[in-house]
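Topology and contacts: notes
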Amino acid sequence: MGRPRPRAAKTWMFLLLLGEAWAGHSRAQENKVLGGQECRPHSQPWQAALFQGKQLLCGGVLIGGNWILTAAHCKKPKYTVRLGDHSLQKKDGPEQEIPVVQSIPHPCYNSSDVEDHNHDLMLLQLRDQASLGPKVKPISLADHCTQPGQTCIISGWGTVTSPRVKTLGLSSESQGTSPGSGKIGIRVPACLAPALNASDETVCCCRNTHARKSKNFPDTLNCAEVKIFPQKKCEDAYPGQITDGMVCAGSSKGADTCQGDSGGPLVCNGALQGITSWGSDPCGRSDRPGVYTNICRYLDWIKKTIGSKG
């Protein structure tokens, strides 16, 4: 047959490269789908999103008509809270955006030390009452502490791919997830800039957003199922860093919160048990669970603060 003519060779080369590019695109899309699973739309009606302009900062939880609970490390001078969102890009009716008039971090939270995660809790008072309904409604606070092994739900718009862990998830029929089984994994990490380049893969990091433009951030709310760790196992995972004001939750298959999920809910038996706070980098390690502010230890402060504001 002889060698192909130059133009024919160029055409075949172009088609070969195009095929490789498409295959790579398909693999990337597959990983993205397997890395996270949508919540059933509006199945988490207490879920809130903190925005600074058009940038998502953190998650939050509606606990009253004009009160949001979130993580203290999410504090900014000015932001708004969005309620009723499922897709961050498309509106389907219940969405509301309300300015924050007052941010009240827990008085013992140490904002000057980024490695101190104690008391990582903050109340936000909204300027107006939220318009409540089936797709926007407060969640009850847990009136007792959770038990090891209890199954809980985490949710958020955080990255579905950890900076270092790319294909993690949990196969299950989780509460609030779309029908059908699949890999679930909401991800988050590193408010500490050096953590992204650190050689120590067990560096701890808080879980707010700094790179929303990444394609690894989903447009729709993601859910995952996790189990509560025994406190001793949590302490062993993070020696010297765990207090009674924290609770750990994770999965043997890697379900976890990650970058962008800070301030979001840990929901057990329909009640708010925790607020997403910090964890390991990379996210999703079965031996290094996510760490949440333990709401049952802060009930008095929450109720007294809200009560004092009328």
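First, a word on what this report is: a plain description of the structure on this page.

From N to C terminus, the protein includes three helices and 14 strands. Split into buried and exposed, the 310 residues of the protein put 54% on the buried side. Counted over contacts in the protein with a minimum sequence separation of 6, partners at least 24 positions apart contribute 76%.

Here the focus is the sheet that holds strand β5 (residues 96–105). The six strands lie next to each other as β1-β2-β3-β6-β5-β4, forming a closed barrel whose pairing is antiparallel. Mean inter-strand twist for the sheet, computed between neighbouring axes without regard to direction, equals 45°.

Counting residues in each nonpolar core, the largest one holds 37 residues, and the members touching the most others are Ile63, Leu69, Val81, Leu83 and Ile302. Mapped onto this core, the elements with two or more residues apiece are β1 (47–52), β2 (55–64), β3 (67–70), β4 (80–83), β5, β6 (122–126), β13 (271–281) and α3 (299–308). Residue contributions to this core peak at five residues, all from β2. Beyond its immediate stretch of four places on either side in the chain, isoleucine 63 contacts Leu69, Leu123, Pro138, Ile139, Leu141, Leu272, Ile302 and Ile306. Membership of the second largest hydrophobic core comes to eleven residues, among which are Cys152, Ile228, Ala255 and Tyr292.

With that settled, consider the state of the cysteines. Enumeration according to the criterion identifies six disulfides in this entry. Disulfide pairing is shown between cysteine 145 and cysteine 296; the S-S distance is 1.9 Å. As the torsion about the S-S bond is roughly 90°, the cysteine 145-cysteine 296 disulfide counts as right-handed. Here cysteine 145 is found in the loop between β7 (140–141) and β8 (151–156), whereas its partner cysteine 296 is found in the loop between β14 (290–294) and α3, with 151 residues between them in sequence.

What follows covers the pairing of β5. Here four bridges tie β4 to β5, and the two strands are oriented antiparallel to one another. Paired with leucine 83 across the two strands is glutamine 96, which belongs to β5. Judged from the five bridges that link them, β5 and β6 form a sheet pairing that is antiparallel. By the bridge assignment, proline 105 is partnered in β6 with methionine 122.

A few words now on the side chain of threonine 80. Checked against the element boundaries, threonine 80 lands in strand β4. Polar contacts involving the side chain of threonine 80 include one to the side chain of glutamate 97, which spans 2.7 Å. Threonine 80 has contacts with Ala49, Leu50, Phe51, Glu97, Ile98, Pro99 and Val100, leaving out every residue within four places of it along the chain.

Attention now moves to the packing of aromatic side chains. The description of an aromatic ring pair rests on the distance of the ring centres and on the angle between the ring planes. Taken as a whole and assessed by the stated rule, the structure comprises one aromatic pair. The ring of phenylalanine 51 has arginine 82 sitting right over it, with the charged end atom 4.3 Å from the ring centre. Here lysine 233 stacks its cationic end above the ring of phenylalanine 229, 4.7 Å away from the centre of that ring.

Despite not being glycine, histidine 42 has its phi angle at roughly 65°, a positive value. Of note, asparagine 269 is a non-glycine position whose phi angle comes to about 55°, a positive value. Tracing the sequence through the fold places asparagine 269 in the loop between β12 (265–268) and β13.

This next bit is on the pattern of salt bridges. Between side chains of opposite charge, a pair can form as their charged atoms come close. All chains considered together, the criterion is met by four salt bridges. For the salt bridge of aspartate 85 with arginine 82, the shortest nitrogen-to-oxygen distance reads 2.9 Å. With relative accessibility at 8%, the residue aspartate 85 sits in the buried group. By relative accessible area, arginine 82 is classed as buried at 15%. In this structure, arginine 127 and aspartate 128 form a salt bridge, with 3.1 Å as the shortest nitrogen-oxygen distance. On the accessibility criterion, aspartate 128 (35% relative accessible area) is partly exposed.

Cut-off values and rules
Residues numbered from 1 in each chain as written. Predicted model: local features only at pLDDT ≥ 70, side-chain atom pairs only at ≥ 80, totals over all residues. Heavy atoms only, no water. Helix = DSSP H or I, 4+ residues; strand = E, 2+ residues; numbered from the N terminus. Buried < 20%, exposed > 50% of the residue type's maximum accessible area, 1.4 Å probe, protein only. Contact = heavy atoms within 4.5 Å. Pairing = 2+ DSSP bridges. Axes fitted to C-alpha atoms, helices over the stretch in contact; angles between N-to-C directions. Core = buried A, V, L, I, M, F, W, Y, C linked by side-chain atoms within 4.5 Å. Disulfide = S-S within 2.5 Å. Polar contact = N/O pair within 3.5 Å; in protein donor to acceptor, adjacent residues only side chain to side chain. Phe/Tyr/Trp six-rings, centres within 6.5 Å; stacked < 30°, edge-to-face > 60°. Lys NZ or Arg CZ within 6 Å of the ring centre and 35° of its normal. Salt bridge = Lys/Arg side-chain N within 4 Å of Asp/Glu carboxyl O.

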